[in-house]
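Secondary and tertiary structure notes
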There are 2 protein chains.
Amino acid sequence: MQYNNTIKTQLEHRTIREFTNEPVPEEMLSQLIQVASRTATSNGLQASSIIRVTDPDKKKELADICKQEYIARMPEIWIFIVDQYRNSRIAKENNCHEESIGDMDRFFQGFTDACLMADNVENAAESLGLGTVYLGSILNDPVRTIKLLNLPKLTFPALGLGFGIPNQEPQLKPRMDMELRMFENGYKTFDSYMDEIKEYDEIMQTYYDLRDTNNRVDSFSKQLITKLENINPVRQKIVNVIVDQGFDLKLDK
Amino acid sequence: MQYNNTIKTQLEHRTIREFTNEPVPEEMLSQLIQVASRTATSNGLQASSIIRVTDPDKKKELADICKQEYIARMPEIWIFIVDQYRNSRIAKENNCHEESIGDMDRFFQGFTDACLMADNVENAAESLGLGTVYLGSILNDPVRTIKLLNLPKLTFPALGLGFGIPNQEPQLKPRMDMELRMFENGYKTFDSYMDEIKEYDEIMQTYYDLRDTNNRVDSFSKQLITKLENINPVRQKIVNVIVDQGFDLKLDK
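A brief structural summary. Throughout this document, residue positions are counted from 1 along each chain, in the order its sequence is written. Starting at A for chains and at 1 for ligands, labels are handed out in the order in which the entities are written. In keeping with the predicted nature of the model, local features appear solely for residues at pLDDT of at least 70, side-chain atom pairs appear and are counted solely at 80 or more, and the whole-chain, interface and lining totals rest on all residues.

**Some thoughts on the pairing of strand β1 (residues 48-52) of chain A**
- Counting buried positions along β1(A) yields 4 of 5 residues, so the element is predominantly enclosed.
- The pairing of β1(A) with strand β2 (residues 76-83) of chain A spans 5 bridges and is antiparallel. If you follow A:Ile50 over to β2(A), its bridge partner there is A:Phe80.
- In the sheet, β1(A) pairs with strand β5 (residues 182-184) of chain B via 3 bridges, with the strands oriented parallel. Counted as the bridge partner of A:Ile51 is B:Phe183 from β5(B). Note on burial: count the other C-beta atoms lying within 10 Å of the residue's C-beta; 20 or more is buried, 12 or fewer is exposed, in between is partly exposed, and C-beta positions come from the backbone. Counting from the N terminus, the helices are the DSSP runs of H or I reaching at least four residues and the strands are the DSSP runs of E reaching at least two. Note on pairing: two strands pair once DSSP finds at least 2 bridges between them.

Shown next, in the form of C-alpha cells:
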C-alpha cells in the first residue's frame, strides 16, 4: 500500500523555526480558518477560539514570554484558547443557570477542542507547504499571556502555533519505538525502561538539532533528566491560574 | 485556489457512528501507528500513549461507561492517554530527582500530546476513507476507565477515537461563524451573543442528527442550555481523579 499525500506529509512533520519574510497568502489563511471551523468539537459546543497575533509589539512580548527570540519574527502566530466565556454569555442572556460552565469538565472539553483545532490547522498548513512550530512555551507565564491577549474569565491559553513559508530543512527527529507507547486492552509495563530505550538513546545522539547551531543532542534519557531537573516554578503552578480564570476545581479535600 | 485532498477531507469531516463489519486492514493500521509516532510532542518528551481496545468484553464495558451502545460494535477503539509513567521510570532508573514529573505542567504537556496524536490519527484515518468518532465520553467515569485499561499512576485517559469503514452518510453539521471565534491581537466581546448567533441558531434547526432517528435538533443556544442544566457530578470532579493518579496541583490556597 502506498502512502497518500496527507499521510506522507504527516510522516515528514518536523518543527520549523525559520521562515522567509513573505507573508502567508490570504487565500491560504482563509482555507486554514475554514479548517479550524470544521474541527470536531466536544458535545458540539465549540468551546475554543483563536487569537491571531499580528501586532509586532505583542509578538515581541510573546517571544519574551516564550524565551524564543525567533517568535518575534514569525509570519503567523495563532494562539488556541479554551473558551467557555462565549457560551457563558449565551447562557446568561437566556437566564439559564450557567454555573456548570465553569466546571473543570467544561475546561477540559475546551482544552481538548483547542488542541484538536491546533492540530487540524497544523495538518492543513503543512499540506499547503507551510512550516509550523507549536508554542507550548506560551504557558511559561500564563498570567502574562492572558493579560497580553486580553483573555476574559472562563478562557485560558492552551497552545500556540507559528507558521509561514519555511526557510530551513531540519532533519527528521527520531522517535521512540511505538512498542513502548501502544498497548492492547491494558497498559503494559517493562522491567527495565533503560534497556528498552537503549537503541533509541543511541539514535538520538546522532541527530542534529538546528536550534543549537548544528550541535548533536543528548540521548533521550539524558534530555529527560535535564528537563526534570530544570524545574519551572511558574509552570508548575498552572492550576492556580486556571482557578483565577473562574474555573471550579470541586476538590474533595 | 483549489482545495487539496487533505483540506477537502478536513472540510468534509463529520462524526461516523455506524460502521460495516469489516475490520480495518492491517496495512492501514500500520500507517496510522506510524502517524501517531510522528506527531509533534511537547519538549520532545512523547508523554502520551495509546491503548487499543480489541477485547469484546472491554468494548462492552466502555460502551457502558460512555452510555453509547454502538461503541461495543466499533471495529477499532484507540484510547489516547497522558503518560508520564514511562518517563518517571526512566528517571527513576537513573536515580534522578523525578518529582517534577508529577507536576500539573507535565500533566498538561501529556494531555496536549495525547490530543494532538488523536487528531493526527483522525486526519490520517479520514484520508484513507475511514469514518471516525471521538469519544470524550470515556471521562463519564474516569475511575472506571482507568481500572478497565489498567492505567498506572502518572497516566490519565484524555480522549478516545473509534474508527472503521463507514456505514452511514450524515449531513455536515453546521458550525458557528468564525467571526465569533477568531480575533486579532486580543479577545473581542460582543454586546449581545443571542443577536450574534441568531442566524446560526436557525441554521442548526434545519440540521438532522442521525443519532436521533433523523429528528431535527434544537438550536445551538437551546442545546447549550440543556447540556448546562444536565450536570454530571462525576465529570465535574475530574480533578480529584487526576490527583489520585499521582499529579500534584501545587495550589496556593
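**Side note on the nonpolar core**
- Counting residues in each nonpolar core, the largest one holds 138 residues, and the members touching the most others are A:Phe80 and B:Phe80.
- For A:Phe80, the contacting residues outside a window of four places in its chain are A:Ser48, A:Ile50, A:Ala114, A:Met117, A:Ala118, A:Ala158, A:Leu159 and A:Leu161. Working definition: the nonpolar core is a set of buried Ala, Val, Leu, Ile, Met, Phe, Trp, Tyr and Cys residues, joined through C-beta atoms within 7 Å. We call two residues in contact when the distance between their C-beta atoms, placed using the backbone, is within 7 Å.

**So, the relation of the copies chain B and chain A**
- Overlaying chain B on chain A yields an RMSD of 0.0 Å, the required transformation being a rotation through 180° with an accompanying axial translation of 0.0 Å. On this basis, the relationship between the two copies can be described by a two-fold rotation axis. Ranked by how close their C-alpha atoms come to the rotation axis, the residues of chain B are headed by B:Thr6, at 2.7 Å. Least squares is the method for superposing the copies, and the C-alpha atoms it fits come from residues with pLDDT of at least 70 in both.

**Topic: the interface of chain B and chain A**
- Contacts between the two partners involve 103 residues from chain B and, on the opposite side, 103 residues from chain A.
- Residue contributions to the side of chain B that touches chain A peak at 13 residues, all from helix α5 (residues 104-127) of chain B.
- Three classes are used, and their members are as follows: Ala, Val, Leu, Ile, Met, Phe, Trp, Tyr, Cys and Pro are nonpolar, Asp, Glu, Lys and Arg are charged, and the others, Gly among them, are polar. Partitioning the side of chain B that touches chain A into residue classes produces 44 nonpolar, 37 polar and 22 charged.

**So, the sheet that holds strand β3 (residues 131-135) of chain B**
- Here 5 strands make up an open sheet; going across it, the order is β5(A)-β1(B)-β2(B)-β4(B)-β3(B) and the pairing mixed. Two strands lie at the open edges of the sheet, namely β5 (182-184) of chain A together with β3 of chain B, each paired on one side alone. Strand after strand, the sheet turns through a mean of 25° between neighbouring axes, direction not considered.
- Sheet topology note: the β3(B)/strand β4 (residues 155-164) of chain B ladder contains 5 bridges and is antiparallel. Within β4(B), the residue paired with B:Tyr134 across the bridge is B:Leu161. Every axis in this analysis is a line fitted to C-alpha atoms, fitted for helices over the stretch in contact. Angles between the N-to-C directions lie between 0 and 180 degrees.

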